[in-house]
Amino acid sequence: MIAVPCHTPGLSRTALSKMGWLCSDTAQLRFDGVRVPVRYRLGAEGAGFRMIMGNFNGERLALSAMALGFAEACYDEALAWARQRNTFGAALIERQVIRHKLMDMQMRIQSTQAWLEALGARVDAGDEGTDWVANVCLLKNHATQAMQFCADAAVQILGGMGYMRGTVSERVYREVKVMMIGGGAEEIMKELAARQWNL
Ligand SMILES: Cc1cc2nc3c(=O)[nH]c(=O)nc-3n(C[C@H](O)[C@H](O)[C@H](O)COP(=O)(O)OP(=O)(O)OC[C@H]3O[C@@H](n4cnc5c(N)ncnc54)[C@H](O)[C@@H]3O)c2cc1C
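Rules used in this analysis
- Residues numbered from 1 in each chain as written.
- Predicted model: local features only at pLDDT ≥ 70, side-chain atom pairs only at ≥ 80, totals over all residues.
- Heavy atoms only, no water.
- Helix = DSSP H or I, 4+ residues; strand = E, 2+ residues; numbered from the N terminus.
- Rg over C-alpha atoms; globule rule 2.2 N^0.38 Å.
- Buried < 20%, exposed > 50% of the residue type's maximum accessible area, 1.4 Å probe, protein only.
- Contact = heavy atoms within 4.5 Å.
- Areas by Shrake-Rupley, 256 points an atom, 1.4 Å probe, with all protein chains shown as cover.
- Lys, Arg positive; Asp, Glu negative; His and termini not counted.
- Charge placed at Lys NZ, Arg CZ, Asp CG, Glu CD.
- Salt bridge = Lys/Arg side-chain N within 4 Å of Asp/Glu carboxyl O.
- Axes fitted to C-alpha atoms, helices over the stretch in contact; angles between N-to-C directions.
- Parallel < 35°, antiparallel > 145°, perpendicular 65-115°, else oblique.
- Left-handed = near helix turned anticlockwise from the far one by under 90°.
- Nonpolar A, V, L, I, M, F, W, Y, C, P; charged D, E, K, R; others polar.
- Near = heavy atom within 4 Å.
- Arc of directions from axis to C-beta.
- Domains from an automatic or database assignment.
- Buried area = accessible area lost by both parts, 1.4 Å probe.
- Polar contact = N/O pair within 3.5 Å; in protein donor to acceptor, adjacent residues only side chain to side chain.
- Core = buried A, V, L, I, M, F, W, Y, C linked by side-chain atoms within 4.5 Å.

With respect to the overall build of the chain
Thought 1: Scanning the chain from N- to C-terminus turns up five helices and four strands.
Thought 2: From first element to last, N terminus to C terminus, the chain shows the α and β order β-β-α-β-β-α-α-α-α.
Thought 3: Whereas a compact globule of 199 residues would reach a radius of gyration of roughly 16 Å, the chain reaches 21 Å, over 25% beyond that.
Thought 4: On the principal axes, the C-alpha backbone points of the chain span a range of 70 × 40 × 30 Å.
Thought 5: Within the chain, buried positions represent 33% of all 199 residues.
Thought 6: When contacts within the chain are restricted to residue pairs at least 6 apart in sequence, long-range pairs at least 24 apart make up 68% of them.
Thought 7: Carbon and sulfur atoms make up 57% of the accessible area of the chain, which totals about 12,300 Å².
Thought 8: Of note, the chain has its 22 positive side-chain charges centred 6 Å away from the centre of its 20 negative side-chain charges.

Laid out in structure tokens, this is it:
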């Protein structure tokens, strides 16, 4: 693994136009005859991929926590809106179908939080166990599915307002797919977990 300073001759980049993560300057990088001194190497020669792998589980755990936060933000906005918005003579929260949507969100939020805390406690106790990687992979899927569900439900509860830039739920809705794909796509997470459990 090597660090390449961004003004190194031969390195050029083109910004990519994305659905979300707009403040993250993801770009295509081109290396044309780029030379860097050997002192810019990080770690031992040939150990780069192992170093990247060492980051995978922590990144997936962090993505799970982020997804939980996004899901909670959608719930909070949807609940506040449902209390304040009146249609046909009653607040939205008075409608059973709206309350049930909120409870469906809570089910996913609570289960994600419980799993995240249980796994975090295991790591803190130094007890990662043999199925640690499988748990991280499936938690990442569960958390990002919870986020997807909550973003969708919140936009629906907000109605037309949920489609507007400026609401939390609209913003979170646009961030769903990168959370489900980045850091390891859902299908790959399931494969890794299945492999660890010798399926
Ligand atoms: C905004 C953004 C920022 C990113 N930032 C980073 C970063 O900072 N660092 C970094 O390293 N990467 C980053 N990535 C890359 C990200 O990790 C990959 O996009 C992701 O791992 C999926 O890989 P891929 O795009 O090559 O999809 P592909 O591997 O082409 O997969 C496409 C689809 O096919 C499925 N699939 C692939 N193989 C199989 C299989 N064998 N069986 C079943 N299904 C399969 C996948 O699950 C996915 O649904 C970023 C991506 C995005 C969108």
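The structure having been displayed, the exposition proceeds.
Some words on the pattern of salt bridges
Thought 1: Evaluation of the coordinates by the stated rule reveals five salt bridges.
Thought 2: One salt bridge in this structure joins Glu-170 and Arg-174, with 2.7 Å as the shortest N-O distance. Taken together, the residues span about one helical turn, with Glu-170 and Arg-174 both in helix α4 (residues 168-181) at a distance of four residues.
Thought 3: Here the salt bridges do not stand alone but share partners, grouping Arg-165, Glu-170 and Arg-174 into one network.

Let's talk about the packing of helix α1 (residues 48-84) against α4
Thought 1: Closest axis-to-axis distance for the α1/α4 pair is 10 Å, and the angle between their directions is 155°. Here α1 is positioned roughly antiparallel relative to α4, judged by the angle of their axes. Of the two possible hands of crossing, α1 and α4 adopt the one that is left-handed. Residues Leu-63, Met-66, Ala-67, Phe-70, Ala-73, Cys-74 and Glu-77 of α1 lie in contact with α4, whose contacting residues are Val-168, Ser-169, Val-172 and Met-179.
Thought 2: Considering only residue class, the contact of α1 with α4 consists of nine nonpolar, one polar and one charged.

Quick notes on the site of the ligand
Thought 1: Residues in contact with the ligand, as listed here, are Lys-18, Trp-21, Val-178, Ile-181, Gly-183, Gly-184, Ala-185, Glu-187 and Ile-188.
Thought 2: Computed on the free molecule, the ligand has an accessible area of 960 Å², of which 34% lies beneath the protein chains in the complex.
Thought 3: Of all the elements in the fold, those that place two or more residues in the shell around the ligand are α4 and α5 (186-196).

Brief notes about α5
Thought 1: Within the sequence span of α5, burial applies to Glu-186, Met-189 and Ala-193. The arc that holds the buried residues of α5, viewed along the axis, is 60°, so those residues lie on one side. Facing away from the buried side of α5, by more than 90 degrees, are the exposed residues Glu-187 and Arg-195.
Thought 2: Looking at the packing, one finds that the buried side of α5 touches α1, α3 (132-158) and α4.
Thought 3: Asn-198 sits one or two positions beyond α5 and adopts a positive phi of about 55°.

Regarding the domain arrangement of the chain
Interface size is commonly expressed as the accessible area that is lost once the parts come together.
Thought 1: Each domain of the chain was delimited in the assignment, giving domain 1 (11-40) and domain 2 (55-196).
Thought 2: Listed as interface residues are four residues of domain 1 and, on the opposing side, six residues of domain 2.
Thought 3: Summed over the three residues of domain 1 that lose the most area to domain 2, namely Met-19, Trp-21 and Leu-22, the buried surface amounts to 86% of that side.
Thought 4: Here domain 1 and domain 2 share zero salt bridges between them.
Thought 5: In this assembly, domain 1 and domain 2 are joined by one residue pair in polar contact (both at pLDDT 80 or more).
Thought 6: Broken down by class, the residue content of the side of domain 1 that touches domain 2 amounts to three nonpolar, one polar and no charged.

A word on the nonpolar core
Most often, soluble globular proteins keep nonpolar side chains buried together rather than apart.
Thought 1: Ranked by size, the top nonpolar core spans 35 residues in total, and within it Leu-61, Cys-74, Ala-78, Ala-82, Leu-102, Met-105 and Ile-157 carry the most contacts.
Thought 2: If you list the elements that add at least two residues to this core, you get α1, α2 (96-124), α3 and α4.
Thought 3: Setting aside residues no more than four positions away along its own chain, Ile-157 makes contact with Ala-78, Trp-81, Ala-82, Leu-92, Ile-98, Lys-101 and Leu-102.

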